[in-house]
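Geometric and topological summary
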Amino acid sequence: MEILLVIIIGLLYAAGIYMMLRRSLVKLIIGLILLGNGANLLIFLLGKIVKGKPPIIASSEKMLGETYADPVPQALILTAIVISFGLQAFAIILIKRAYKVVKTDDLDEMNATDEDL
């Protein structure tokens, strides 16, 4: 299972970086989304995938003796999802506004129109 996740993470990173290096701003956003999902899977994988109970210690015990699920990677991933959603929403609105003004989403053409202004 873990080797499959490693391969998927590598594919998401490779596809995300490839899309971010394209000239289109829409492909840049798609690459950003793929890269964010790859990072979330990486955090999930580093937290170790185990089936376990929640980390709750009974009042009669001093330590947790059995296998438990670590809540920290899950909380980090949830926070990363919220932050990446906000970043993606901002970038989509910014690209929509730039497209309305310049009438293109190609970065080279945007640079050419910038010199004309």
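Overview of the structure.

Right, let's talk about helix H2 (residues 25–46) for a bit. Under the 1.5 Å per step criterion, the end-to-end length of H2 is 31 Å for 22 residues, consistent within 8% with the ideal 32 Å. The set of residues buried in H2 consists of Leu 25, Ile 29, Gly 31, Gly 38, Asn 40 and Leu 45. Downstream of H2 by a residue or two, Lys 48 has a phi angle that is positive, lying close to 65°.

Turning our eyes to something else, we now look at helix H1 (residues 2–20). With 19 residues, H1 ought to run about 27 Å at 1.5 Å a step, and its terminal C-alpha atoms sit 27 Å apart, in line with that. Inspection of H1 places Leu 5, Ile 9, Leu 12, Gly 16 and Met 19 among the buried residues, and these make up the whole buried set. Viewed along the axis of H1, the buried residues span an arc of 105°, placing them on a single side of the element. Counted as exposed and oriented over 90 degrees from the buried face of H1: Ile 3 and Leu 11. Buried-residue contacts for H1 involve H2.

Attention now moves to the packing of H1 against H2. Where H1 meets H2, the axes come as close as 7 Å, and the angle between the chain directions of the two elements is 155°. It follows from the interaxial angle that H1 and H2 lie roughly antiparallel. Judged by the twist between their axes, the crossing of H1 over H2 is left-handed. Residues belonging to the contact of H1 with H2 are distributed by class as follows: 19 nonpolar, four polar and two charged.

Judged by nonpolar contacts, Leu 25, Ile 29, Ala 91, Ile 95 and Met 110 together constitute the single largest core of five residues. Once residues lying within four places of it in the same chain are set aside, the contact partners of Met 110 are Leu 25, Ala 98, Val 102, Thr 104 and Asp 105.

Further remarks concern the packing of H2 against helix H3 (residues 71–102). Close contact between H2 and H3 brings their axes to 10 Å; oriented N to C, the two are set at 175°. The pairing of H2 with H3 is recorded here as roughly antiparallel in orientation. On H3, the residues touching Leu 25, Ile 29, Leu 32, Ile 33, Asn 40, Ile 43 and Phe 44 of H2 are Pro 73, Leu 76, Ile 77, Ala 80, Ile 81, Leu 87, Gln 88, Ala 91, Ile 92 and Ile 95.

Parameters and conventions
Residues numbered from 1 in each chain as written. Predicted model: local features only at pLDDT ≥ 70, side-chain atom pairs only at ≥ 80, totals over all residues. Heavy atoms only, no water. Helix = DSSP H or I, 4+ residues; strand = E, 2+ residues; numbered from the N terminus. Expected span 1.5 Å × (residues − 1). Buried < 20%, exposed > 50% of the residue type's maximum accessible area, 1.4 Å probe, protein only. Arc of directions from axis to C-beta. Contact = heavy atoms within 4.5 Å. Axes fitted to C-alpha atoms, helices over the stretch in contact; angles between N-to-C directions. Parallel < 35°, antiparallel > 145°, perpendicular 65-115°, else oblique. Left-handed = near helix turned anticlockwise from the far one by under 90°. Nonpolar A, V, L, I, M, F, W, Y, C, P; charged D, E, K, R; others polar. Core = buried A, V, L, I, M, F, W, Y, C linked by side-chain atoms within 4.5 Å.

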